[in-house]
Amino acid sequence: MRYWLMKSEPSDVSVDDLATMPNQTVAWYGIRNYQARNFMRDQMRVGDQVFFYHSSCAEPGIVGLATVSKLAYPDQTQFDSSNKYFDPKATPENPRWFNVDVKLVKKTRLLGIKELRSYPELEHMRILQTGNRLSITPVDPKEWEFITGLL
DNA sequence: GCCAACGTTGGC
DNA sequence: GCCAACGTTGGC
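A quick note: this is a predicted structure, and the numbers were derived from the prediction, not measured.

Parameters and conventions
Residues numbered from 1 in each chain as written. Chains lettered and ligands numbered in written order. Predicted model: local features only at pLDDT ≥ 70, side-chain atom pairs only at ≥ 80, totals over all residues. Heavy atoms only, no water. Core = buried A, V, L, I, M, F, W, Y, C linked by side-chain atoms within 4.5 Å. Buried < 20%, exposed > 50% of the residue type's maximum accessible area, 1.4 Å probe, protein only. Helix = DSSP H or I, 4+ residues; strand = E, 2+ residues; numbered from the N terminus. Contact = heavy atoms within 4.5 Å. Pairing = 2+ DSSP bridges. Axes fitted to C-alpha atoms, helices over the stretch in contact; angles between N-to-C directions. UniProt positions renumbered as here; feature names shortened; annotations may be inferred. Phe/Tyr/Trp six-rings, centres within 6.5 Å; stacked < 30°, edge-to-face > 60°. Near = heavy atom within 4 Å. Polar contact = N/O pair within 3.5 Å; in protein donor to acceptor, adjacent residues only side chain to side chain. Arc of directions from axis to C-beta. Nonpolar A, V, L, I, M, F, W, Y, C, P; charged D, E, K, R; others polar.

1. Quick notes on the nonpolar core
In this structure, M6, W28, M40, M44, V100, V102 and I136 are the most contacted members of the largest nonpolar core, which totals 21 residues. When residues of this core are traced back to their parent elements, those giving at least two are β1 (3–8), α1 (15–20), α2 (34–43), β3 (49–54), β4 (61–74) and β5 (98–112). Apart from the residues within four sequence positions on either side, M44 is in contact with W4, M6, F39, V68, L71, V100 and I136. The next biggest cluster of nonpolar side chains, apart from the first, holds 14 residues, and it includes L5, I62, L116 and I147.

Next comes the structure, spelled out in C-alpha cells:
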C-alpha cells in the first residue's frame, strides 16, 4: 500500500465539497501532467492512503484523509469538447488521460504549509521543495506516520 | 498580482 | 533531438 498527497483547489473541489458528494467520492479528473497521470495510472491501487491538500488558496495545507476507491480509468473530461479539460488528441480508443476515484476518510484540522515546513522530519517532502508543482506526489511511510500523528 | 520554477510545444 | 518561447502552477 502506498501513500500520496493530492492537491485540489478548494474553489474547484474543497474537502467540504467532497464530504457532500455521493458516497463522499470524487473522480480526480483534469490532471494534465504526465508524471501525475503516471502515478495514478501505474502506481495507485485501491486502498492507498491520501492526504487531501488545499492549494492556490488563502490557507494552503492538508485538510483531510482520503483513500483511493477505484483504479485509474480514462478521464471522461478529455473527450468532451465543451469541457475545459478537453484534449483534441485523445480518443476513447486511445485515451491520453486517466484518473482514479478518491473517497473521503475524514476531515482533519487544517495542517498548513507553514506548519509542515516547521518540522525537520518533513524537510524532504516533495510538496515542500522549492519549485515543486506536481499536484500528486508520493508520501514516504515515515512522513505519513509523522503527519497523521499531528492530526 | 507577482514571479520563480517548471512543463510543454513546435520550428528547425 | 535541441531549445527558445510560451503557458501554468502555486505560495506569497
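Now that the structure has been shown, the text picks up again.
2. A word on the sheet that holds β4
The strand order β2-β5-β4-β3-β1-β6 describes an open sheet built from six strands, whose pairing is mixed. Of all strands in the sheet, those bounded by a partner on one side alone are β2 (25–27) and β6 (136–138). The sheet shows a mean angle of 35° between the axes of neighbouring strands, taken without regard to direction. Here β4 pairs with β5 via ten bridges, running antiparallel. Looking across to β5, one finds that T67 is bridged to K103. Relative to β5, α2 is tilted by about 110°, and along the sheet it contacts β1, β4, β5 and β6. Across the sheet, helix α4 (residues 141–148) touches β1, β3, β4 and β5, and the angle it forms with β3 is around 65°.

3. Thoughts on the UniProt feature "domain: EVE" (unreviewed entry) in chain A
Summarizing the sequence annotation, UniProt attributes the feature "domain: EVE" (unreviewed entry) to residues 2–148 in the numbering used throughout. Within the segment residues 2–148, helix and strand shares are 20% and 32% respectively, and the terminal C-alpha atoms sit 15 Å apart.

4. Details of the packing of aromatic side chains
Under the defined criterion, the tally for this structure stands at seven aromatic pairs. Aromatic pair F51 and W144: ring centres 4.0 Å apart, planes at 25°, arrangement stacked. Placement of the pair is F51 in strand β3 and W144 in helix α4, with a sequence separation of 93 residues. F51 gets classed as buried once you look at its relative accessible area, which sits at 0%. The class for W144 is buried, based on a relative accessible area of 8%. Pairing Y119 with F146 gives two aromatic rings, centres 5.3 Å apart and planes at 75°, and the pair type is edge-to-face.

5. A few points about the protein's contact with DNA strand B
Around DNA strand B, the neighbouring residues are N33, Y34, T130, G131 and R133. Within 4 Å of the protein, the contacting atoms of DNA strand B are 67% sugar and phosphate, with bases supplying the remainder. T130 is positioned such that a nitrogen or oxygen atom in its backbone is 3.1 Å from a phosphate oxygen of DNA strand B.

6. A few points about α2
Within the sequence span of α2, burial applies to A36, R37, F39 and M40. Along the axis of α2, the buried residues cluster in a sector spanning 155°; they form a single face. Of the surrounding elements, those touching the buried residues of α2 are β1, β4, β5 and β6. Here α2 starts with a cap whose side-chain oxygen sits 3.0 Å from the backbone nitrogen of Q35, and that cap is N33.

7. Remarks on the protein's contact with DNA strand C
Near DNA strand C, the surroundings consist of K7, Y53, S55, S56, P60, I113, R117 and R133. The sugar-phosphate share of atoms of DNA strand C within 4 Å of the protein amounts to 69%. At a separation of 3.1 Å, a phosphate oxygen of DNA strand C approaches a polar backbone atom of S56. In the surface near DNA strand C, the residues fall into three nonpolar, two polar and three charged.

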